[in-house]
Amino acid sequence: MSRQREVVIIGGGVIGSSLGYQLAKQGKKVTIVEQSDLASGASGAAAGMLAADCEQFEHPELQTMAKMSRDLFPALIHELRKISGIDAGLNQQGFLTPARDKQEAENLQAELLAAGTGGEWWTPEKLSQAEPALTEGLTGAIYRSDEIQVIPSKLTEAFAYSAQAEGAVLLRQTEATSIQVQDKRVQGVQTSGVFLRCDQVVLAGGWRTEQLLQPLGLTLPLEPVKGEIVEVRTRVPLLQATLYAKSIYIVPKPGNRLWIGATSIPGDSSEGVSADSIVRLLSEAAKWIPEIRNAQFERAWAGHRPKSPDGLPYLGGFQEIQGLFAAAGHYRNGILLSAMTARLLASEMEGTTTPGINLVPFRPDRFQHQLEGGLIR
Ligand code: FAD
Ligand code: GLY
């Protein structure tokens, strides 16, 4: 009788937790190792937009994957709530991209036609009727009913606790310190606590994922792109749909809260939120919704988007070491991509493929030969 494979996932962010759930559901023996708390990295700092049409994607394959992933969420969130009891705060009020003048309105209408994606044009009258708190004088908006949003920390917890309910082990406050390899095969993971013997390891450690690979002579280049968000609370709800403009997004959350984001600072791994960023985010937000000036400031936070040199995630196995996989580098869209990432990687780990998506552009060793040739760093 063949022995059941054991899998260790390093990282309890949205990616590691989503994969943990998928694998546990498929009957695998899974351990998720998280050095801090669930969603303590980028996943707890995100805005939670599942914006497959609004966001720009670096590759058509990633765009396809984003849409497939977004469309999985309504049913998946329902399933996770039933299993874990955690409500990920799904909001299905759609997304609005408004225009400030005639030229912007023409550009957006052309964009809508060219994209051929779901979305409709709202006249200024329809816009001010649906969203009366928006500033006067807007010249219309694209409304996309398919775009949705969630509370990302809750989604991560819902994945992780559903994984646990399906038999996975969650080890929090436990750091993975090295990966043991023998004869080019994974043997296990040394942690700050116990040694975990396993056949397969998945690296899902966010922007710091590469650290564990360096002793193995492997590379997985990632840089942090710092992002900051401000939360305000208003007396009455000011926005139904999520406002997704080029300069800013404003995401309505439960309890009359608005999340206003985000800055984007490449290479910055610092933790704090600068006063300048708060001032800039709030003043830009007030240009769209003047009443924001009278809102209560609640809090602000920062996180680090994990970005690869080509902006694509790393998804798949390393050819050099059997049993070693990566699921990292989801940059601006890890919450959105988490559902499909789990399905794709779980199939890859079984040696099968998922119809509709080609994983070749996401190979984790795509920069390895460049490192060896001295082209990276
Ligand atoms: P992380 O969430 O960083 O998780 C990695 C985890 O691994 C961490 O918890 C870390 O503690 C752990 N870890 C690392 N090394 C070890 C180790 N050696 N041992 C044990 N544990 C380890 N995406 C969207 O889809 N929609 C959005 O609206 C959105 N908005 C964003 C807004 C901001 C301001 C930011 C910063 C990001 C946003 N993103 C958004 C991007 C998204 O947050 C990331 O792509 C996603 O969270 C990455 O998830 P992850 O699990 O790979 O990484
Ligand atoms: N996807 C939104 C952000 O990264 O800020």
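Summarised in this report is the structure supplied together with it.

1. Thoughts on the environment of Ser-36
Okay, so step 1: Here Ser-36 shows up in the loop between strand S2 (29–33) and helix H2 (42–45).
Okay, so step 2: Using a relative accessible area of 27% as the deciding quantity, one classes Ser-36 as partly exposed.
Okay, so step 3: Ser-36 has contacts with Arg-172 and Gln-173, leaving out every residue within four places of it along the chain.

2. Regarding the site of ligand 1
Okay, so step 1: Contacts to ligand 1 come from 39 residues, most closely from Glu-34, Ser-43, Met-49, Arg-332 and Leu-336.
Okay, so step 2: Within the backbone of Ile-335, one N or O atom sits 3.0 Å away from an oxygen atom of ligand 1.
Okay, so step 3: A distance of 2.8 Å separates an oxygen atom of ligand 1 from a polar backbone atom of Leu-336.
Okay, so step 4: About the coverage of ligand 1: the protein hides 96% of its 1000 Å² of free accessible area.
Okay, so step 5: At the level of secondary structure, the elements contributing two or more residues to the shell around ligand 1 comprise helix H1 (14–25), H2, strand S13 (223–233), strand S18 (296–307) and helix H8 (334–350).
Okay, so step 6: No other element matches the four residues that S18 contributes to the shell around ligand 1.
Okay, so step 7: In terms of residue class, the shell around ligand 1 is built from 18 nonpolar, 17 polar and four charged.

3. Here we look at the site of ligand 2
Okay, so step 1: Close contacts around ligand 2 come from Met-49, Glu-55, Tyr-249, Ala-262, Arg-305 and Arg-332, and that covers them all.
Okay, so step 2: Between Tyr-249 and ligand 2, the recorded distance is 2.6 Å, taken from a side-chain N or O atom to an oxygen atom.
Okay, so step 3: Expressed as a share of its isolated accessible area of 200 Å², the protein-covered part of ligand 2 is 89%.
Okay, so step 4: Partitioned by chemical class, the residues of the shell around ligand 2 number three nonpolar, no polar and three charged.

4. Focus: the packing of aromatic side chains
Okay, so step 1: Across all of its chains, the model carries six aromatic pairs by this definition.
Okay, so step 2: Judged by centre distance (6.5 Å) and plane angle (40°), the ring pair of Tyr-21 and Phe-159 falls under tilted. Placement of Tyr-21 in helix H1 and of Phe-159 in helix H6 (residues 152–165) is noted, with a sequence separation of 138 residues between them.
Okay, so step 3: Take Tyr-21: its relative accessible area is 2%, and that puts it in the buried class.

5. Let's talk about the sheet that holds strand S9 (residues 176–182)
By definition, the strands of a sheet pair up through backbone hydrogen bonds, in either a parallel or an antiparallel sense.
Okay, so step 1: If you walk across this open sheet you meet the three strands as S9-S10-S11, and the pairing is antiparallel. Here the strands that pair on one side only, and so sit at the sheet edges, are S9 and strand S11 (195–197). Geometrically, the sheet is characterised by an average inter-axis angle of 25° between neighbouring strands, direction not taken into account.
Okay, so step 2: Relative to strand S10 (residues 185–191), S9 runs antiparallel, the two sharing six bridges. Bridge pairing links Ser-178 to Gln-190 in S10.

6. Description of the environment of Trp-301
Okay, so step 1: Position of Trp-301 relative to the elements: it lies in strand S18.
Okay, so step 2: Along the chain, Trp-301 and Arg-81 lie 220 residues apart, while their C-alpha atoms are 27 Å from each other.
Okay, so step 3: Setting aside its immediate chain neighbours within four residues, Trp-301 contacts Gly-44, Ala-45, Gly-227, Glu-228, Ile-229, Glu-231, Trp-259 and Val-273.
Okay, so step 4: A polar atom in the side chain of Trp-301 sits 2.8 Å from the backbone oxygen of Ala-45.

Definitions and cut-offs
- Residues numbered from 1 in each chain as written.
- Chains lettered and ligands numbered in written order.
- Predicted model: local features only at pLDDT ≥ 70, side-chain atom pairs only at ≥ 80, totals over all residues.
- Heavy atoms only, no water.
- Helix = DSSP H or I, 4+ residues; strand = E, 2+ residues; numbered from the N terminus.
- Buried < 20%, exposed > 50% of the residue type's maximum accessible area, 1.4 Å probe, protein only.
- Contact = heavy atoms within 4.5 Å.
- Near = heavy atom within 4 Å.
- Polar contact = N/O pair within 3.5 Å; in protein donor to acceptor, adjacent residues only side chain to side chain.
- Areas by Shrake-Rupley, 256 points an atom, 1.4 Å probe, with all protein chains shown as cover.
- Nonpolar A, V, L, I, M, F, W, Y, C, P; charged D, E, K, R; others polar.
- Phe/Tyr/Trp six-rings, centres within 6.5 Å; stacked < 30°, edge-to-face > 60°.
- Pairing = 2+ DSSP bridges.
- Axes fitted to C-alpha atoms, helices over the stretch in contact; angles between N-to-C directions.

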